[in-house]
Amino acid sequence: MTLPITVVTLFPDMFPGPLGVSIMKRAEEKGLFALSTVQIRDFAFGKHKTVDDTPYGGGAGMVMRPDVVAAAIRHAKKGSPNAKVVYMSPSGTSFNQEKARQLASHEGGLILLCGHYEGIDDRVLQAEVDEEISIGDYVLSGGELAAMVVVDAVVRNIPESLGNANTLHEESFDIQTEAGEVLLEYPHFTRPVEWEGQTVPEVLTSGHHANIQKWRMDKAYQKTKKNRPDLLKGS
Ligand SMILES: C[S@@+](CC[C@H](N)C(=O)[O-])C[C@H]1O[C@@H](n2cnc3c(N)ncnc32)[C@H](O)[C@@H]1O
């Protein structure tokens, strides 16, 4: 199955960018996802191809017009009629691994709408958007970088996109304790066994699988407690 992903943007030249290399490149070559873009400006009117206007009620900045943006989304929907339309927005719900998994399993695919300037006229969001997603509590200049983050995280969650399926289950946010808590990943080491006075923990070179697993879970728990106590129960 190929997951179709269409990015609706004023800056299609930014794509595929980082999505055209490494794991993402291989996943697209394997047919696991297909990335395309729709240029919002193609749906603008007049000789100046204006896509934005001043906000009603006054204030700084420009707002993207509902008629232009809706036409671009509707064009994208013609190619992917069952796609979920997601607006990349700092005021959306927080993006996380669970959301990445959900979006990866949406067979109809995704249409990722990228705003710019002050954002998009709210009426088009009401009419055409299924979900608003934020990639973090900060404001970017446009939705394109956010869309790239979402595509990368989503594609990693398509079965077969990573060479070794176990890789995903051993990653941060995929490791679970028996109590059902989600943990960050344990630390990794590779050769040489000694580097600048630091030695690889002995258990990792012991070949004792059960001890290695216990050590990793302990370290994952300690790291989570230090860096993200909010992920642990009772926090
Ligand atoms: C300058 S921002 C608009 C910010 C908006 N006026 C506000 O205060 O919420 C322009 C565009 O960048 C994108 N964007 C900015 N921050 C984002 C974030 N944290 N997550 C996802 N998209 C973001 C959105 O598509 C947004 O329409």
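Basis of the calculations
Each chain carries its own residue numbering, running from 1 in the direction its sequence is written. It should be noted that, the model being predicted, local features are given only for residues of pLDDT at least 70 and side-chain atom pairs only at 80 or more, the latter also being counted only at that level, while totals for whole chains, interfaces and linings use all residues. Neither water nor hydrogens contribute to the side-chain values; these are computed over all heavy atoms in the structure. Secondary structure elements follow DSSP: runs of H or I no shorter than four residues count as helices, runs of E no shorter than two count as strands, and numbering proceeds from the N terminus. One fewer than the residue count of a helix, multiplied by 1.5 Å, yields its expected span. Categorising residues by exposure relies on relative accessible area from a 1.4 Å probe, with only protein chains included: less than 20% of the type maximum marks a residue as buried, more than 50% marks it as exposed, and the intermediate range marks it as partly exposed. Being near a molecule or strand, for a residue, comes down to having at least one heavy atom within 4 Å of it. The term polar contact refers here to a pair of N or O atoms within 3.5 Å; inside protein, the definition further demands a hydrogen-donor-capable atom paired with an acceptor-capable atom, and it admits residues adjacent in sequence only when both atoms are side-chain atoms. Per-residue accessibility takes into account occlusion by the displayed protein chains alone, with areas from the Shrake-Rupley method and a 1.4 Å probe. Throughout, the ten residues Ala, Val, Leu, Ile, Met, Phe, Trp, Tyr, Cys and Pro are labelled nonpolar, Asp, Glu, Lys and Arg are labelled charged, and all others, Gly among them, are labelled polar. It only takes one pair of heavy atoms within 4.5 Å for two residues to be counted as in contact. What makes a salt bridge here is a side-chain nitrogen of Lys or Arg within 4 Å of a carboxyl oxygen of Asp or Glu, nothing more. Here, a strand pair is defined by DSSP locating no fewer than two bridges between the strands. Residues enter a nonpolar core if they are buried and are Ala, Val, Leu, Ile, Met, Phe, Trp, Tyr or Cys, with the set joined through side-chain atoms within 4.5 Å.

1. Some remarks on helix α5 (residues 144–156)
And then number 1: Taking 1.5 Å of rise per residue, 13 residues should cover 18 Å, and α5 covers 18 Å from first to last C-alpha, within 8% of that figure.
And then number 2: Along α5, the positions that sit buried rather than exposed are Glu144, Ala146, Ala147, Met148, Val150, Val151, Ala153, Val154 and Val155.

2. Regarding the site of the ligand
And then number 1: Surveying the vicinity of the ligand reveals 20 residues, the closest of which are Tyr87, Met88, Gly115, Glu118 and Tyr138.
And then number 2: Contacts to the ligand include tyrosine 87, whose side-chain N or O atom sits 2.7 Å from an oxygen atom.
And then number 3: Between glutamate 118 and the ligand, the recorded distance is 2.8 Å, taken from a backbone N or O atom to a nitrogen atom.
And then number 4: Considered on its own, the ligand offers 590 Å² of accessible surface; in the complex 83% of this is hidden by protein.
And then number 5: Those elements that place two or more of their residues in the shell around the ligand are β5 (84–94) and β7 (131–134).
And then number 6: Element by element, the count of residues in the shell around the ligand is highest for β5, at four residues.
And then number 7: For the shell around the ligand, the per-class residue count stands at ten nonpolar, nine polar and one charged.

3. Section: the side chain of threonine 177
And then number 1: Within the secondary structure, threonine 177 is located in the loop between β8 (175–176) and β9 (182–183).
And then number 2: Ignoring anything within four residues of it in the chain, the contact list for threonine 177 reads Leu183, Met217 and Tyr221.

4. Section: the pattern of salt bridges
And then number 1: A complete count under the given rule lists twelve salt bridges for this structure.
And then number 2: Across the pair glutamate 171 and arginine 156 runs a salt bridge whose closest N-O atoms are separated by 2.5 Å. Taken together, the residues span a long stretch of sequence, with glutamate 171 in the loop between α6 (166–169) and β8 and arginine 156 in helix α5 at a distance of 15 residues.
And then number 3: Note that aspartate 218 is salt-bridged to lysine 214, the shortest N-O span being 2.8 Å. Note that aspartate 218 and lysine 214 are positioned in helix α7 (residues 209–227) at a spacing of four residues, about one turn of the helix.
And then number 4: When its relative accessible area of 34% is taken as the criterion, aspartate 218 is described as partly exposed.

5. Regarding the pairing of strand β6 (residues 110–114)
And then number 1: Within β6, five of the five residues are buried, which leaves the element mostly enclosed by the surrounding structure.
And then number 2: Neither face of β6 is exposed, since Leu110, Leu112 and Cys114 on one face and Ile111 and Leu113 on the opposite face are all buried.
And then number 3: With four bridges connecting them, strand β1 (residues 3–9) and β6 associate as parallel partners. Counted as the bridge partner of threonine 6 is isoleucine 111 from β6.

6. Brief notes about the nonpolar core
And then number 1: Ranked by size, the top nonpolar core spans 29 residues in total, and within it Ile5, Phe33, Met88, Phe95, Leu112, Val154 and Val155 carry the most contacts.
And then number 2: For this core, the secondary structure elements donating two or more residues are β1, α1 (22–29), β2 (33–39), β5, α3 (97–104), β6 and α5.
And then number 3: Per-element tally for this core: the top contributor is α5, with eight residues.
And then number 4: When residues no more than four places from it in sequence are discounted, the contact partners of isoleucine 5 are Phe33, Ala34, Leu35, Ser36, Leu110, Leu112, Val151 and Val155.
And then number 5: In terms of nonpolar packing, the next biggest core, distinct from the first, is built from 22 residues, Val8, Ile40, Ala76 and Leu113 among them.

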